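Chain and residue survey
The lines below spell out each chain.
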Amino acid sequence: MNVQEKSIGRILLTNDDGILAPGLVAMEKIAAQLSDDVWVVAPESEQSGASHSLTLSEPIRVHKIHARKFAVRGTPTDCVMMAMMRIIDGARPDLVLSGVNRGQNMADDVTYSGTVAGAMEGTLLGLPSIALSQAFENNGEVVVPFDVAVAHGPRIVRRLLDVGWDRNVLLNVNFPDRSGVEYLELKATAQGARDEALQVVDERRDPRGDSYYWYGFKPSQSQPPVGTDLRAVQDGHISVTPLHLDLTHDASRNTLARLLETG
Ligand code: MN
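Described in the following lines is the structure provided in the data block. In this convention, every chain numbers its residues from 1, walking through the sequence in written order. In view of the model being predicted, local features appear only for residues whose pLDDT reaches at least 70, and side-chain atom pairs are presented and counted only at 80 or more, with totals across whole chains, interfaces and linings using the full set of residues. Values reported for side chains reflect all heavy atoms of the structure, with hydrogen atoms and water molecules removed beforehand.

**What to know about the overall build of the protein chain**
Put simply, DSSP marks the helices as runs of H or I at least four residues long and the strands as runs of E at least two long, and each gets a number from the N terminus on. Of regular secondary structure, the protein chain possesses 7 helices and 11 strands. Note that the radius of gyration is over C-alpha atoms, with the globule rule given as 2.2 Å times the number of residues to the power 0.38. In terms of overall dimensions, the protein chain is globule-like: its C-alpha atoms have a radius of gyration of 19 Å, near the 18 Å expected for 263 residues. The buried share among the 263 residues of the protein chain stands at 44%. Any pair of residues with heavy atoms lying within 4.5 Å of one another is described as a contacting pair. In the protein chain, 75% of the contacts between residues at least 6 apart in sequence involve partners at least 24 apart. About 14500 Å² of surface is accessible on the protein chain, with carbon and sulfur atoms providing 50% of the total. When a residue's accessible area, from a 1.4 Å probe over protein chains only, is under 20% of the maximum for its type it is buried; when over 50% it is exposed; and in between it is partly exposed. All accessibility values rest on the Shrake-Rupley procedure with a 1.4 Å probe; residue burial counts only the protein chains present in the view.

What follows is the structure in structure tokens.
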């Protein structure tokens, strides 16, 4: 850490791409700019799409890699829970950072994302938590520009901590595919919605002639509205979306109350 910069205290890192993911290396580089007290507790294997699941029907195994780095056979939620309940000695973390995810987590992705769930669990445990994801433009060959997150991440995290946010809220940050751009604007965004079905199901055959399937994702052609996460990243900005865990839709609740509570 740069000695001129103030340490932000103890940081817990997790992700959903697993303990060996290049995005975790990127996150360790970001965290090293922020603190000398960084703990890593990440899934042993990839957990993308795990959402906010926790392991109830299998034992949870924890492997110590070194003093402050652990691999957990479980989900990102298990990682944060194990870090808090069993792994970290002494003080609670001052910050949870989840990611940096390989690929964006915006619009509907947010509900499938294990990266976002890591930050959800941190928030539920009362810790300021931020999910970080790196978007990439898929032009046939997948190159994830983690250098963007590494270059801008420390400044963004410090800025967010300076301004602060509600304790029931997690922040979902997405970096655009803009390597080498010195300054990227930060946009406070709303969770967007896809205007087309992007998911495809690819059918293949195994050597015994049986079908099997992979979910695939087509490149987006949508025109997302200004103010959404999708649009900010498409326009080359860093998107920060505040998300809350209370899933109640207040307008519908009011409508239902009016229609149903007729007494
Ligand atoms: Mn992932």
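After presenting the structure, the write-up continues.
**Describing the sheet that holds strand 1 (residues 10–14)**
Pairing between two strands is assigned when DSSP locates at least 2 bridges connecting them. Reading across the sheet, the 9 strands line up as 3-4-2-1-5-6-7-11-8 and stay open at both edges, with mixed pairing between neighbours. Every interior strand has two partners, whereas the edge strands, strand 3 (61–66) and strand 8 (186–188), have only one. Each strand axis lies, on average, 20 degrees off the axis of its neighbour in the sheet, ignoring direction. Pairing of strand 1 with strand 2 (residues 37–43), which is carried by 4 bridges, proceeds in the parallel orientation. The residue of strand 2 that forms the bridge with Ile 11 is Val 38. Only the contacting stretch of a helix is used when fitting its axis, a line to C-alpha atoms as for every element, and angles between N-to-C directions run 0 to 180 degrees.

**With respect to the nonpolar core**
Proteins that are soluble and globular tend to have nonpolar side chains buried together. Think of a nonpolar core as a cluster: buried Ala, Val, Leu, Ile, Met, Phe, Trp, Tyr and Cys residues, connected wherever their side-chain atoms sit within 4.5 Å. With 32 residues, the main nonpolar core has Leu 97, Val 100, Ile 130, Leu 132, Val 173 and Phe 175 as its most contacted residues. For this core, the element with the highest residue contribution is helix 5 (residues 146–163), accounting for 6 residues. Excluding its chain neighbours within four sequence positions, the residues that come into contact with Phe 175 are Leu 132, Ser 133, Gln 134, Ala 135, Val 148, Ala 149, His 152, Gly 153, Ile 156, Val 233 and Ile 238.

**A few points about the packing of helix 2 (residues 76–87) against helix 4 (residues 114–124)**
How two helices sit against one another is set out by the angle between their axes and by the gap between those axes. Taken N-terminus to C-terminus, the directions of helix 2 and helix 4 make an angle of 30 degrees; their axes are 8 Å apart at the nearest point. By the angle between their axes, helix 2 is roughly parallel relative to helix 4. Relative to helix 4, the crossing made by helix 2 is right-handed. Contact residues: helix 2 offers Pro 76, Thr 77, Val 80 and Met 81, while helix 4 offers Gly 114, Ala 117, Gly 118, Glu 121 and Gly 122. In this classification, Asp, Glu, Lys and Arg are treated as charged, Ala, Val, Leu, Ile, Met, Phe, Trp, Tyr, Cys and Pro as nonpolar, and every other residue, Gly included, as polar. A per-class count over the contact of helix 2 with helix 4 returns 4 nonpolar, 4 polar and 1 charged. Angles are sorted into four bins: roughly parallel if under 35 degrees, roughly antiparallel if over 145, roughly perpendicular if 65 to 115, and oblique for all others. Two helices cross in a left-handed way if the nearer one is turned anticlockwise from the farther one by less than a right angle. They cross in a right-handed way if the turn is clockwise.

**Overview of a nonpolar patch on the surface**
Side chains of Val 201, Tyr 213, Tyr 215 and Phe 217 sit close together on the surface and give an oily, nonpolar patch of about 540 Å² of accessible area. A per-element tally of the nonpolar patch places strand 10 (residues 211–217) first, with 3 residues. Take Tyr 215: it is sitting in strand 10. When its relative accessible area of 61% is taken as the criterion, Tyr 215 is described as exposed. Like charges are joined within 9 Å and nonpolar side chains (Val, Leu, Ile, Met, Phe, Trp, Tyr) within 5 Å, but only among residues with over 30% relative accessible area and no salt bridge; these make up the patches. In the sections that follow, a salt bridge refers to a side-chain nitrogen of Lys or Arg positioned within 4 Å of a carboxyl oxygen of Asp or Glu.

**With respect to the packing of aromatic side chains**
Working definition: rings of Phe, Tyr and Trp (its six-membered ring) pair if their centres are within 6.5 Å, and the pair is stacked with planes under 30 degrees apart, edge-to-face with planes over 60 apart, and tilted otherwise. Applying the stated criterion across every chain yields a total of 1 aromatic pair. Here the aromatic rings of Trp 39 and Phe 70 are separated by 6.5 Å at their centres, their planes lie at 5 degrees, and the arrangement is stacked. Of this pair, Trp 39 sits in strand 2 while Phe 70 sits in strand 4 (residues 69–73), and the two are 31 residues apart along the sequence.

So yeah, pure geometry; function would need other evidence.
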